[in-house]
Amino acid sequence: MKRGKFITFEGPEGAGKTTQARRLIARLQEAGHEVLYTREPGGTPTGEAIRGILQYDKAGEAPCAETEVLLFAASRAQLVRKVIIPALEKGTMVVCDRFADSTTAYQGYGRGFPIDQMLAINQFAIDGAVPDVTILLDLDLDIGFERLATREGIMRELDRIEREERAFHEKVRQGYLELARRWPERFQIIEAGRPTEAVEKDVWRITQDVLHR
Ligand code: Z5A
């Protein structure tokens, strides 16, 4: 059985990761592929419970920064072993909305934890499941914030990380670009401030290259 391809979407808030992941899945299915969509944090019952703690302090207190790193890693470890690796082994394409690079970008570059430490924790969590391609949707912060404020025209409460100050989000954005320079073979950067259809076209072109490798 040919192993499926593992495609991850990364980028700042409101970059269009979920929108593009869903459009990509529709295209892959039309082309006859089995596809699995998942997201981080979450994607398993354990991961979704962790998501509630991380984003909305569901345990009744805000996790401290070290706990935050380990909770993201714990959610990932479960997702990789229970969902991602079994699907790839069955030949299914896996499209994941955020993955290990989010920890390096947010907790490493954003919060200031040593990058090498974040990479080591990620390595432990992912059990060798390195994405075949990571699509980085790069976006000007102001556009992202504007999109989030009126997601689908509906006002909603910002989560704990979204409420971080602008400087934090700028560090995250620059961190992502740094990661893309570090792994140019794996990362593909797309300028995400353009219309959805233009971004979708680029995502599909990149995916086709990966499928034909
Ligand atoms: N986090 C972390 O710190 N460390 C980690 O290891 C991991 C995560 C894994 C997860 O939040 C939070 O956890 C995230 C990072 C942190 N926090 N922050 N801040 P999430 O999963 O709830 O949220 P998100 O990943 O940031 O996704 P998002 O905010 O929903 O953004 P998105 O998926 O990139 O965008 P979207 O939902 O597709 O689109 C947002 C809106 O923009 C929507 O109304 C769309 O219709 C619109 N949109 C999308 N594309 C376009 C274009 N091209 N033009 C115009 N409008 C558009």
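Residues numbered from 1 in each chain as written. Predicted model: local features only at pLDDT ≥ 70, side-chain atom pairs only at ≥ 80, totals over all residues. Heavy atoms only, no water.

J.: I keep staring at the sheet that holds strand β4 (residues 133–138) and nothing clicks. Help me out?
T.: Backbone-to-backbone hydrogen bonds pair the strands of a sheet. The strands run either parallel or antiparallel. Taken in spatial order, the 5 strands make up an open sheet running β2-β3-β1-β4-β5, and their pairing is parallel. Each end of this open sheet is capped by a strand with a single partner; those strands are β2 (35–39) and β5 (187–191). Shown here is a sheet whose adjacent strand axes are inclined to one another by a mean of 20°, direction ignored. As defined by bridge partners, β2 adjoins strand β3 (residues 93–97) across 5 bridges and the pair is classed as parallel. Across the sheet, Y37 pairs through a bridge with V95, a residue of β3. (Pairing = 2+ DSSP bridges. Helix = DSSP H or I, 4+ residues; strand = E, 2+ residues; numbered from the N terminus. Axes fitted to C-alpha atoms, helices over the stretch in contact; angles between N-to-C directions.)

J.: It is not clear to me how the nonpolar core should be interpreted in this structure. Could you clarify?
T.: Looking at soluble globular proteins, one finds that nonpolar side chains tend to be buried together. F9, L24, L28, V95, I135 and L137 are the most contacted members of the largest nonpolar core, which totals 22 residues. Where this core is concerned, the elements lending two or more residues are β1 (6–10), α1 (17–30), β3, β4 and α8 (196–211). Of all the elements, α8 adds the most residues to this core, at 6 residues. Apart from the residues lying within four places of it in its own chain, the contact partners of L24 are I7, F9, V95, V203, W204 and T207. The next biggest cluster of nonpolar side chains, apart from the first, holds 15 residues, and it includes A105, F168, Y176 and L179. (Core = buried A, V, L, I, M, F, W, Y, C linked by side-chain atoms within 4.5 Å. Buried < 20%, exposed > 50% of the residue type's maximum accessible area, 1.4 Å probe, protein only. Contact = heavy atoms within 4.5 Å.)

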